[in-house]
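# An overview of the molecular structure
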Amino acid sequence: MHHWMGNCKKVTQMVSESLDRKLPLHQRLGIRIHLFMCKFCSRYRKQLLILREAMHLQERYVKDTSPTLRPEARERIRRFLIENLNKLK
Amino acid sequence: MKKTGTAENHHMSDPETWLEQYGDYLYRFALARIRDRAAAEDLVQETFLAALHARENFKGRSSVTTWLAGILKHKIIDLIRKESRNQPVEDVEPFIPTFDDLFDERGKWKIGPSKWTVSPLELYEQKEFWRILDLCLSELSSRLARIFTLRELEELSTKEICKVFDISATNCWVMLYRARMLLRRCLEINWFSSETCEDK
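The structure contained in this document is the topic of the report that follows. Source: prediction; values computed, not measured.

Cut-off values and rules
- Residue positions are counted from 1 within each chain, in the order its sequence is given.
- Chain labels run from A onward and ligand labels from 1 onward, assigned in the order the entries are written.
- Side-chain atom pairs in this predicted model are given and counted only at pLDDT of 80 or more, local residue features only at pLDDT of at least 70, and totals for whole chains, interfaces and linings cover all residues.
- Note: side-chain values were computed over all heavy atoms of the structure, leaving out hydrogens and water.
- In this text, helices come from DSSP runs of H or I with a minimum length of four residues, and strands from runs of E with a minimum of two, each type numbered from the N-terminal end.
- When a residue's accessible area, from a 1.4 Å probe over protein chains only, is under 20% of the maximum for its type it is buried; when over 50% it is exposed; and in between it is partly exposed.
- In what follows, a contact means two residues having at least one pair of non-hydrogen atoms within 4.5 Å.
- Here, the term disulfide refers to a pair of cysteine sulfur atoms separated by no more than 2.5 Å.
- By definition, the buried area sums, over both parts, the 1.4 Å-probe accessible area that each loses when the two are put together.
- In what follows, salt bridge is the name for a side-chain nitrogen of Lys or Arg lying within 4 Å of a carboxyl oxygen of Asp or Glu.
- For the purposes of these results, a polar contact is taken to be a pair of N or O atoms within 3.5 Å, where, inside protein, one atom must be able to donate a hydrogen and its partner to accept one; residues adjacent in sequence count only when each atom of the pair is a side-chain atom.
- Simply put, an axis is a line fit to the C-alpha atoms, just over the touching stretch for a helix, and the angle between two N-to-C directions goes from 0 to 180 degrees.
- The cut-offs work like this: below 35 degrees is roughly parallel, past 145 is roughly antiparallel, 65 to 115 is roughly perpendicular, and the gaps in between are oblique.
- Put simply, Ala, Val, Leu, Ile, Met, Phe, Trp, Tyr, Cys and Pro go in the nonpolar bin, Asp, Glu, Lys and Arg in the charged bin, and everything else, Gly too, in the polar bin.

With that settled, the discussion passes to the environment of B:Leu52. Among the structural elements, B:Leu52 can be located in helix 3 (residues 37–54). The exposure class assigned to B:Leu52 is buried, which follows from its relative accessible area of 2%. Through-space distance from the C-alpha of B:Leu52 to that of B:Asp14 is 9.9 Å; in sequence the pair is 38 residues apart. Contact partners of B:Leu52, with chain neighbours within four places excluded, come to A:Leu81, A:Asn84, A:Leu85, A:Leu88, B:Pro15 and B:Trp18.

As a further point, take the state of the cysteines. All names here are of chain A. Within the structure shown, the criterion is met by one disulfide over all chains. Here cysteine 38 is not cross-linked by a disulfide; its sulfur's nearest cysteine counterpart is in cysteine 41, at 3.7 Å. Residue classification places cysteine 38 among the buried positions, given a relative accessible area of 13%.

Tallying the contact residues gives 66 residues for chain B and 49 residues for chain A. Interface area, chain B with chain A, both sides summed: about 5,700 Å², of which 63% is carbon and sulfur. Across the chain B-chain A interface, the total number found is nine salt bridges. A salt bridge links A:Arg52 to B:Glu152, with the nearest nitrogen and oxygen atoms 2.5 Å apart. In this assembly, chain B and chain A are joined by 22 residue pairs in polar contact (both at pLDDT 80 or more). Residue assignment for the side of chain B that touches chain A shows that the elements contributing at least two residues are helix 2 (18–34), helix 3, helix 6 (120–123), helix 7 (127–139), helix 8 (142–152) and helix 10 (169–190) of chain B.

Running from N to C, helix 3 (residues 39–64) of chain A and helix 7 of chain B point in directions that differ by 110°, and their axes come no closer than 11 Å. Considering their axes alone, helix 3 of chain A and helix 7 of chain B lie roughly perpendicular with respect to each other. Along its contact with helix 3 of chain A, which presents A:Leu51, A:Ala54, A:Met55, A:Leu57, A:Gln58 and A:Tyr61, the element helix 7 of chain B presents B:Lys127, B:Phe129, B:Trp130, B:Leu133, B:Asp134 and B:Leu137. Of the residues that constitute the contact of helix 3 of chain A with helix 7 of chain B, the class distribution is nine nonpolar, one polar and two charged.

It is worth spelling out the environment of A:Tyr44 at this point. As for its position among the elements, A:Tyr44 is in helix 3. Using a relative accessible area of 0% as the deciding quantity, one classes A:Tyr44 as buried. Look past the residues within four positions of A:Tyr44 in its chain and what remains in contact with it is A:Thr12, A:Val15, A:Ser16, B:Trp109, B:Pro113, B:Tyr177, B:Met181 and B:Arg184.

Listed below in structure tokens is the structure:
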């Protein structure tokens, strides 16, 4: 039994860390046992996974809502490109 | 030249059509990561400039889109690195959350997480959710938001993030933890109904 195993705050830190690196085996087991017994921490873990999924979907959402370059920015970039293209010629 | 992608590669010789072909794609790509219109526009311009100079090196092994997006990714990370270097230390994190409101002194939940029953896929259609996620992200310090975005969207390893921000791996995990804790709480309060406390 690890000293942190009854400590939800500690466990939430480790659950977050487990999304960023592979934890040592004893920690993984400790977390799993804690999650099995603790409703709130397993909800917490699910929430983090949903958050991760949401971040990925958000990119798709930004693409689907199709914001476009503002006309003035488009014009500025176009002129900039032509200018630089001429320099290269 | 390989047969595949030749139609697309044709545009390589004509940078003037790049803007028409890829401008908005790159803009959205940058906007999803940088969340700032003016900065996203500048990134598109810089990407095209770099592409212009490097177009001889383009071998057509990938599509033009992938090639340009690859350049843009580097530009985004460069920008974030510069941004983080120029940030005065005291602005890095205006306040450090302790989450004492959520846990008691023994580390037990005081306000337990509620059950989120909807999946983001179901939420996808709901504009309001994305507005709230955006709001929650904007409430993080810009540094936290950047680190979190690089990790989740760009899927940079903590090692790579350490390099960009010049911080230790431990510090990086702590920052990611804070970002997640703040975001989940913000979403819970503003979007998901809290049906928590009664079933303690």
